[in-house]
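Coordinate analysis (summary)
Below, each chain spelled out in residue letters.
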Amino acid sequence: MFDQWQTMRGTGATEHKQILQSVADYILKHGDTRFTEKTSNEPPKLERAGWYTEREGCRVYLFTSQALREAGGNFDIKRVLDALDTAGWIAERDHNERSKRTVVSGANKPRLYWIQPMEGDHA
């Protein structure tokens, strides 16, 4: 029975995979509608989840803590951050923090989570 259960469940850190998939799905669903370009002067998005910036041809999403909690699904924020950190998805940070105070248009240097999804890490 254990072998059958393990076959159905898969191998590796299943919880981490679920978190990465949840964050990737959130970005796919809301990436263009709830994130604003970091230096843009356009009016704020309705229910803004954060900002984005381009780095080496890839988009980095700057999540607010509320949006990251939402993107992480039913998982505790610490578990979400642990999964993102383990997968190498945290692109910028302040020292020992996993977030970074960031200058963005229309906000007073909020603490944001710089998330850059890596291809193939969430399937």
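Our subject is the structure that appears above.
Residues numbered from 1 in each chain as written. Predicted model: local features only at pLDDT ≥ 70, side-chain atom pairs only at ≥ 80, totals over all residues. Heavy atoms only, no water.

Moving on to the packing of aromatic side chains. Think of a pair of aromatic rings as described by two things: how far the centres are apart, and how the planes are tilted against each other in angle. Counted under the stated rule, the structure contains 3 aromatic pairs. Seen from their ring centres, Phe35 and Tyr61 are 5.1 Å apart, and the 75° between their planes marks the pair as edge-to-face. Within this pair, whereas Phe35 is found in strand E1 (residues 35–37), its partner Tyr61 is found in strand E3 (residues 58–63), the two being separated by 26 residues in sequence. Assigned by exposure class, Phe35 and Tyr61 land together as buried. (Phe/Tyr/Trp six-rings, centres within 6.5 Å; stacked < 30°, edge-to-face > 60°. Helix = DSSP H or I, 4+ residues; strand = E, 2+ residues; numbered from the N terminus. Buried < 20%, exposed > 50% of the residue type's maximum accessible area, 1.4 Å probe, protein only.)

This next bit is on the environment of Asp85. Mapped onto the secondary structure, Asp85 falls in helix H4 (residues 77–87). By relative accessible area, which is 30% here, Asp85 ends up partly exposed. Considering only alpha carbons, one finds Asp85 and Arg98, 13 residues apart in sequence, at a separation of 8.0 Å. Setting aside anything within four residues of it in sequence, one finds Asp85 in contact with Ile90, Arg93 and Arg98. Side-chain polar atoms of Asp85 contact the side chain of Arg93, separated by 2.6 Å. (Contact = heavy atoms within 4.5 Å. Polar contact = N/O pair within 3.5 Å; in protein donor to acceptor, adjacent residues only side chain to side chain.)

Attention shifts here to the pattern of salt bridges. Tallied over the entire structure, the rule returns 11 salt bridges. Put simply, Arg98 and Asp85 hold a salt bridge, and the shortest N to O gap is 3.7 Å. You can see Arg98 sitting in the loop between strand E4 (90–92) and strand E5 (100–101) and its partner Asp85 sitting in helix H4, a full 13 residues away along the chain. (Salt bridge = Lys/Arg side-chain N within 4 Å of Asp/Glu carboxyl O.)

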